[in-house]
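Coordinate inspection notes
Each chain, written out:
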Amino acid sequence: MIAPLRAACRPRVEGDRELEILNASLEVLGEVGYDRLTMDAVSKRAKVSKATLYRRWQGKANLVIDALLAEKEPVVPTDTGSLRGDLIGTFCGMGGLTDSRVVGLFGSVLTALARDEEFSAEFRRQFLDPKIRLGREIYERAQARGEIRDDLDLDVIVPALAGIILHRLFLLNDPPSADIVTRVVDHVILPAVGIGPPDPSVADTPHEPTITSTSRTTP
């Protein structure tokens, strides 16, 4: 498991300088992906010595995890009173499946999840598990309302929406949009949990969310 260095042993790379290094790491990650990212490339981009990087981070896995955590935008749960509304509202917003920056960063570490056991375990703990818990809460609320059955296999259902959307992106080159998320919800997820399709005459068609830049700036 990736273990951060003890605070007492860390050099004082912090504040604005640390942000610059983490931003540089994300830039390199987005350009070449995790497999080809090197500490040397990050040091050149951030204009800092490799020795400084290694005193602060044990290796690129630690560095990338810290950079992703610093960039991480919380997914704000939506409680609309319906499963359909909650899924569309949550996964079509900032930090969701239609947030191109979040999905792009996921794509840049995709191969590492299969090849780097330590990085994979930490990424799942820090990033995937919270999203899975959020998704599960949406379905559990629907169960509590009596909207869906209590005996549904949530271990299968919860990751289905993200799985379909990411499959379309990475294998079919079909970028996520509010429209495709809504279609998957209406034609796959709702029927799978025993809810009929929405009435087209009353169903809302979601607008594409405006995703603002998540780049961090220094004061």
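Quick caveat, the model's predicted, so the values are computed rather than measured.

All right, on to the nonpolar core then. What tends to happen in soluble globular proteins is that the nonpolar side chains get buried as a cluster. Ile 21, Leu 29, Tyr 34, Leu 68, Phe 119 and Phe 123 are the most contacted members of the largest nonpolar core, which has 31 residues in total. Those elements that provide at least two residues to this core are α1 (15-36), α2 (39-46), α4 (60-71), α6 (100-108), α7 (110-115), α8 (117-144) and α10 (160-172). Of all the elements, α1 adds the most residues to this core, at seven residues. Formed by 25 residues, the second largest nonpolar core is a distinct cluster that contains Ile 138, Val 181, Leu 190 and Ile 195.

Another aspect to go through is the pattern of salt bridges. Taken as a whole and judged by the stated rule, the model has 19 salt bridges. Across the pair Asp 86 and Arg 145 runs a salt bridge, and its minimum N-O distance is 4.0 Å. With a gap of 59 residues between them, Asp 86 in helix α5 (residues 83-91) and Arg 145 in the loop between α8 and α9 (154-157) connect regions that are remote in the sequence. The exposure class of Asp 86 is buried, given its relative accessible area of 0%. With a closest N to O distance of 2.7 Å, Arg 145 and Glu 147 form a salt bridge. Note on Arg 145: relative accessible area 34%, which makes it partly exposed. Among the ionic contacts, a cluster of salt bridges with common partners joins Asp 79, Asp 86, Arg 141, Arg 145 and Glu 147.

Right, let's talk about the confidence of the model for the protein for a bit. When pLDDT is averaged along the protein, the result is 85; 83% of the residues meet or exceed 70. When the criterion is pLDDT under 50, residues 4-11 qualifies, and its contacts beyond four places in sequence or with other chains add up to twelve contacts. This model gives residues 207-219 a pLDDT under 50, and the stretch forms 26 contacts once residues within four places in sequence are excluded.

Right, let's talk about the packing of aromatic side chains for a bit. Tallied over the full model, the rule gives five aromatic pairs. Aromatic side chains Phe 106 and Phe 123 sit 6.2 Å apart centroid to centroid with 35 degrees between the ring planes, which places their arrangement in the tilted category. A residue pair is termed long-range when its members are at least 10 positions apart, and Phe 106 in helix α6 and Phe 123 in helix α8 qualify at 17 residues. In this pair, the class of Phe 106 matches that of Phe 123, namely buried. Here the aromatic rings of Phe 119 and Phe 123 are separated by 5.9 Å at their centres, their planes lie at 25 degrees, and the arrangement is stacked. Of the two residues, Phe 119 and Phe 123 both sit in helix α8, four residues apart, roughly one turn of that helix. Judged by its relative accessible area of 5%, Phe 123 is buried.

Reading the values: rules and limits
Residues numbered from 1 in each chain as written. Predicted model: local features only at pLDDT ≥ 70, side-chain atom pairs only at ≥ 80, totals over all residues. Heavy atoms only, no water. Core = buried A, V, L, I, M, F, W, Y, C linked by side-chain atoms within 4.5 Å. Buried < 20%, exposed > 50% of the residue type's maximum accessible area, 1.4 Å probe, protein only. Helix = DSSP H or I, 4+ residues; strand = E, 2+ residues; numbered from the N terminus. Salt bridge = Lys/Arg side-chain N within 4 Å of Asp/Glu carboxyl O. pLDDT = per-residue confidence, 0-100. Contact = heavy atoms within 4.5 Å. Phe/Tyr/Trp six-rings, centres within 6.5 Å; stacked < 30°, edge-to-face > 60°.

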